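Letter by letter, the chains look like this.
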4 protein chains.
Amino acid sequence: MKQKDEFKREAIINVTIDMVYTNGFAGVKMAQIAKKVDISPSTLYVYFKSKNDLISSIATDLLKKITQTSQNQMHSDLPFKLKFKAIWLFYVNFEINNRKEMSFINQVKQSPYYKMIPLEIRNLKSSLVLDLLDEGKRQGLIKNLDNSILAALLSAFLTETVKLIDSKTLQLNEAETNTMFLLAWDAIKN
Amino acid sequence: MKQKDEFKREAIINVTIDMVYTNGFAGVKMAQIAKKVDISPSTLYVYFKSKNDLISSIATDLLKKITQTSQNQMHSDLPFKLKFKAIWLFYVNFEINNRKEMSFINQVKQSPYYKMIPLEIRNLKSSLVLDLLDEGKRQGLIKNLDNSILAALLSAFLTETVKLIDSKTLQLNEAETNTMFLLAWDAIKN
Amino acid sequence: MKQKDEFKREAIINVTIDMVYTNGFAGVKMAQIAKKVDISPSTLYVYFKSKNDLISSIATDLLKKITQTSQNQMHSDLPFKLKFKAIWLFYVNFEINNRKEMSFINQVKQSPYYKMIPLEIRNLKSSLVLDLLDEGKRQGLIKNLDNSILAALLSAFLTETVKLIDSKTLQLNEAETNTMFLLAWDAIKN
Amino acid sequence: MKQKDEFKREAIINVTIDMVYTNGFAGVKMAQIAKKVDISPSTLYVYFKSKNDLISSIATDLLKKITQTSQNQMHSDLPFKLKFKAIWLFYVNFEINNRKEMSFINQVKQSPYYKMIPLEIRNLKSSLVLDLLDEGKRQGLIKNLDNSILAALLSAFLTETVKLIDSKTLQLNEAETNTMFLLAWDAIKN
DNA sequence: GATGAATGAGCGTTCATTCAT
DNA sequence: TATGAATGAACGCTCATTCAT
């Protein structure tokens, strides 16, 4: 683990995300992080000026990264429902493949650390989804409700889907993800 | 002999629920609770033998209360969709009116305290909802999916609805709650 | 256990001696004593004005009782060595039969409570033994050493004998107690 | 990097031994130790991971040291009684010169801390004394009794001798220590 | 006299953070 | 930059004792 500079920062971040995933926030101690990264506790303070800073920096980074990543999704010229489904699947896969990171930001969101994250970061929204919803409404395919309502709902849906997969109640295959997608789709479709 | 103040236990519980709502579990300190109730920290230990006991006692009480309350709901002779909606509304209202308590048990559920709650309490489930889902499936009105999937989804929906109302994005009126109900209903209906 | 006045005081004392024997001083808590006597902790303070008072009262009582008891021993007109042995045996038996009480005062003696006992009690010595030693010296049968030295030694001897019996290394029978007596006697005899 | 003060650990140990000697175990508080060493209470935990660890580490160290020291005593070519006396005197002097340390281990032995000391340390016995007793028995010079009885007695004797010297009843000179030795010797000699 | 409630003072311990090198 | 030592500020909890009836 003993690397230089940027690598060390990276290592600290990864270890922290790992530990938050395994032990929850309450169980994350600076000394433990240091030990796992194989540095001294005081060295942590070379890279992050406090525990708050460590946590909220990671959260900020993750939030940015997540928004950006989804932004990169191809805006294909498929028919709306198919495009919608593709994006839905992208998100399901993204959450599954980034469990720890998602767990981290979910935990941050319901902790006092969340308030320490700059507002502009907290309000970052994937315009991808918003644009998509607008497109659907324009085509009369989805209900004409506030985007914030639809987005919140889809997000809850997504989270629940991932939880079900994590808990093995659902499997990550064509049939079952399609079922879940249809539940979401039926909810919002006109 | 000094008489035990019947309201003191109640006060401790309420203050604790309040603080968990505002600061989360991590932020609940015995000394702070005591201060808010205006008693000595050691007096807390007259009523609860430890912090664990305090938290899990409250959780146990709430869990019992919630299950019982919902159990008392009866809408047996209405047509299915109306019955379903009545129960949905009951839950929305219940969660709104017991925001802090619901927040408490939600937080407990994803904390180590949960394991301290007696299994028979943890396993209390509102058969109300499960029975309802079965009835709907029998009548061919709702999708033939696993109850655990449908229930998880409806629960996420419900939580999200309440959050939206809390954040003033939605209002707790006939029209808007109806809208939200329809989203849920459309998701699961056949 | 719930009796009146003198009996209650007695009960408190007995329970305390018991608990000191079982758990040592560190483990004796006022609340525990009260529980075992089946009274309220505050009632303890009706009988003893503090924990210090409780402990040192018991110690004082025991010390007095022990001195008095031995004083009552017949001053028979046996030849010296036999008389000496009889008294030795009396003490061995006394210690065995009053294990808990002896343990109590031994523990008190090496605790801060000892200083709280009135000096005149602490200095109580069994004149029985001192007289006996004087008699032996007069008869030229035992070494002409300071009584305090001889007494201390015999006491240590006695304690050790009792410990050995307690630990089953020795048995409380004619042969083995005689052996131990002879060790003591050989030590001090001229 | 701040260097660990080599003397600080030593200082903690010495202060602890001192306090146990003066106030007994019950009176030893981490905060008091820290104050006497002039460090913060939390610094204690840099050197010892708990109070139990502090006490039992000290006890372990002392036990090792004592056994080793006595082991180094060698008087192989003297006649038995002289050798025995030399060793007796060695122990008297050792106990006098290490009063506090001896008090410490004596107190530990009758406290719950004793169980925390590794068994192999607890079982360390000075074979010096046992070998000596065997040799004496072989030569027909001392009574043919169980070593555990003889050793227990000599130990009690020794302790009492040291107490008498401590209390100024006896002086640590040739004549008086000789007197005490003879008491012990007469007790066990054939 | 008897008692359950109440508490102040203190305890051992933890931990994010700073110090000193 | 890196670090082991050091620490202040808490924390959960205990317990002898007092309060109020």
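Here we summarise the structure given alongside this text.

How each quantity is defined
Residues numbered from 1 in each chain as written. Chains lettered and ligands numbered in written order. Predicted model: local features only at pLDDT ≥ 70, side-chain atom pairs only at ≥ 80, totals over all residues. Heavy atoms only, no water. Least-squares fit on C-alpha atoms with pLDDT ≥ 70 in both. Salt bridge = Lys/Arg side-chain N within 4 Å of Asp/Glu carboxyl O. Helix = DSSP H or I, 4+ residues; strand = E, 2+ residues; numbered from the N terminus. Buried < 20%, exposed > 50% of the residue type's maximum accessible area, 1.4 Å probe, protein only. Core = buried A, V, L, I, M, F, W, Y, C linked by side-chain atoms within 4.5 Å. Contact = heavy atoms within 4.5 Å. Phe/Tyr/Trp six-rings, centres within 6.5 Å; stacked < 30°, edge-to-face > 60°. Lys NZ or Arg CZ within 6 Å of the ring centre and 35° of its normal. Buried area = accessible area lost by both parts, 1.4 Å probe. Polar contact = N/O pair within 3.5 Å; in protein donor to acceptor, adjacent residues only side chain to side chain. Nonpolar A, V, L, I, M, F, W, Y, C, P; charged D, E, K, R; others polar. 1 Å grid on protein atoms, 1.4 Å probe; cavity = no way out; pocket = protein on both sides within 12 Å on 5 of 7 lines; lining within 4 Å. Points joined across faces, edges and corners; volume = space filled by probe spheres on them. Expected span 1.5 Å × (residues − 1).

**Overview of the relation of the copies chain D and chain C**
Next up, step 1: When chain D is fitted onto chain C, the two copies agree to an RMSD of 0.9 Å after a turn of 176° and an axial shift of 0.1 Å. Look at the turn and shift together and you get a two-fold axis relating the two. Taking C-alpha positions as reference, the residue of chain D nearest the rotation axis is A187 of chain D, located at 1.7 Å.

**Remarks on the pattern of salt bridges**
Between side chains of opposite charge, a pair can form when the charged atoms approach closely.
Next up, step 1: By the definition in use, this model includes 31 salt bridges over all chains.
Next up, step 2: Measuring nitrogen to oxygen at the nearest pair gives 3.9 Å for the salt bridge that ties E174 of chain B to K85 of chain B. Taken together, the positions of E174 of chain B in helix α10 (residues 174–188) and K85 of chain B in helix α5 (residues 80–97) put the pair 89 residues apart, joining distant regions of the chain.
Next up, step 3: Exposure remark for K85 of chain B: the relative accessible area of 18% places this residue in the buried category.
Next up, step 4: Three or more residues are tied together by salt bridges with common partners; here these are K143 of chain A together with D186 and K189 of chain B.

**A word on the nonpolar core**
Next up, step 1: Within the largest apolar cluster, 128 residues are counted, with the highest numbers of intra-cluster contacts made by I33 and F104 of chain C together with I33, F104 and F157 of chain D.
Next up, step 2: Looking at which element gives the most residues to this core, the answer is helix α9 (residues 147–166) of chain C, with 11 residues.
Next up, step 3: With sequence-adjacent residues up to four places away left out, F104 of chain D is seen in contact with T16, I17, V20, F25, I55, I58, A59 and L62 of chain D.
Next up, step 4: In terms of nonpolar packing, the next biggest core, distinct from the first, is built from 126 residues, L62 and I105 of chain A together with L54 and A152 of chain B among them.

**As for the packing of aromatic side chains**
Next up, step 1: Tallied over the full model, the rule gives 46 aromatic pairs over all chains.
Next up, step 2: Between F80 of chain B and F84 of chain B the ring centres are 5.8 Å apart and the planes differ by 45°, which places this aromatic pair in the tilted class. Here F80 of chain B and its partner F84 of chain B are both found in helix α5, 4 residues apart, which amounts to about one turn of the helix. Just as F80 of chain B is buried, F84 of chain B falls in that class too.
Next up, step 3: Taking 6.5 Å as the distance between ring centres and 65° as the angle between the ring planes, the aromatic pair formed by W88 of chain B and F157 of chain B counts as edge-to-face. Highlighted residues: W88 of chain B in helix α5 and F157 of chain B in helix α9 (residues 147–166), separated in sequence by 69 residues.
Next up, step 4: Here the aromatic cluster, defined as three or more aromatic residues joined through ring pairs, consists of F80, F84, W88, F157, F181 and W185 of chain A together with F80, F84, W88, F157, F181 and W185 of chain B.
Next up, step 5: One cation-aromatic arrangement involves R122 of chain A over Y114 of chain A; the distance from NZ or CZ to the ring centre is 5.4 Å.

**Points about the interface of chain B and chain A**
Next up, step 1: Residue-level contacts link 21 residues of chain B with 21 residues of chain A.
Next up, step 2: For the chain B and chain A pair, buried surface summed over both sides reaches about 1700 Å², with 77% attributable to carbon and sulfur atoms.
Next up, step 3: Of all residues in chain B, the largest losses of buried area upon contact with chain A belong to I149, L153 and L183 of chain B, amounting jointly to 28% of the total for that side.
Next up, step 4: Inspection of the region where chain B meets chain A yields 2 salt bridges.
Next up, step 5: Between K143 of chain A and D186 of chain B there is a salt bridge; the shortest N-O distance is 2.5 Å.
Next up, step 6: For the interface between chain B and chain A, the tally reads 2 residue pairs in polar contact (both at pLDDT 80 or more).
Next up, step 7: Contributing elements (two or more residues each) for the side of chain B that touches chain A: α9 and α10 of chain B.
Next up, step 8: The biggest single contributor to the side of chain B that touches chain A is α9 of chain B, with 8 residues.
Next up, step 9: A breakdown of the residues in the side of chain B that touches chain A according to their chemical character gives 13 nonpolar, 5 polar and 3 charged.

**Quick look at the relation of the copies chain B and chain A**
Next up, step 1: Each copy superposes on the other: chain B lies on chain A with an RMSD of 0.9 Å after a rotation of 175° and an axial shift of 0.1 Å.
Next up, step 2: A symmetric contact is evident, with 95% of the interface residues of chain B recurring at the interface of chain A.

**Some thoughts on empty space enclosed by the protein**
Residues and elements named next belong to chain A.
Next up, step 1: Summed over all chains, the structure comprises 1 cavity of 30 Å³ or more.
Next up, step 2: Volume-wise, the largest cavity comes out at about 30 Å³.
Next up, step 3: Top contributing element to the lining of the largest cavity by residue count: helix α4 (residues 51–71), with 3 residues.

**Thoughts on helix α4 (residues 51–71) of chain C**
All names here are of chain C.
Next up, step 1: Taking 1.5 Å of rise per residue, the 21 residues of α4 would be expected to cover 30 Å, and the 30 Å separating its terminal C-alpha atoms lies within 8% of that figure.
Next up, step 2: Looking at α4, one finds that the buried residues are L54, I55, S56, S57, I58, A59, T60, L62, L63, I66, T67 and S70.
Next up, step 3: Buried-residue contacts for α4 involve α1 (5–23), α2 (30–37), α5 (80–97), α6 (99–109), α7 (119–122) and α8 (127–138).

**Some thoughts on unusual backbone geometry**
Most peptide bonds are trans, and most residues other than glycine sit at a negative phi.
Next up, step 1: The backbone of K168 of chain B sits at a positive phi, close to 65°, despite the residue not being glycine.
Next up, step 2: Looking at where K168 of chain B falls in the secondary structure, it is placed in the loop between α9 and α10.
Next up, step 3: Backbone geometry places D38 of chain D, a non-glycine residue, at a positive phi of 65°.
Next up, step 4: Take D38 of chain D: it is sitting in the loop between α2 (30–37) and α3 (41–47).

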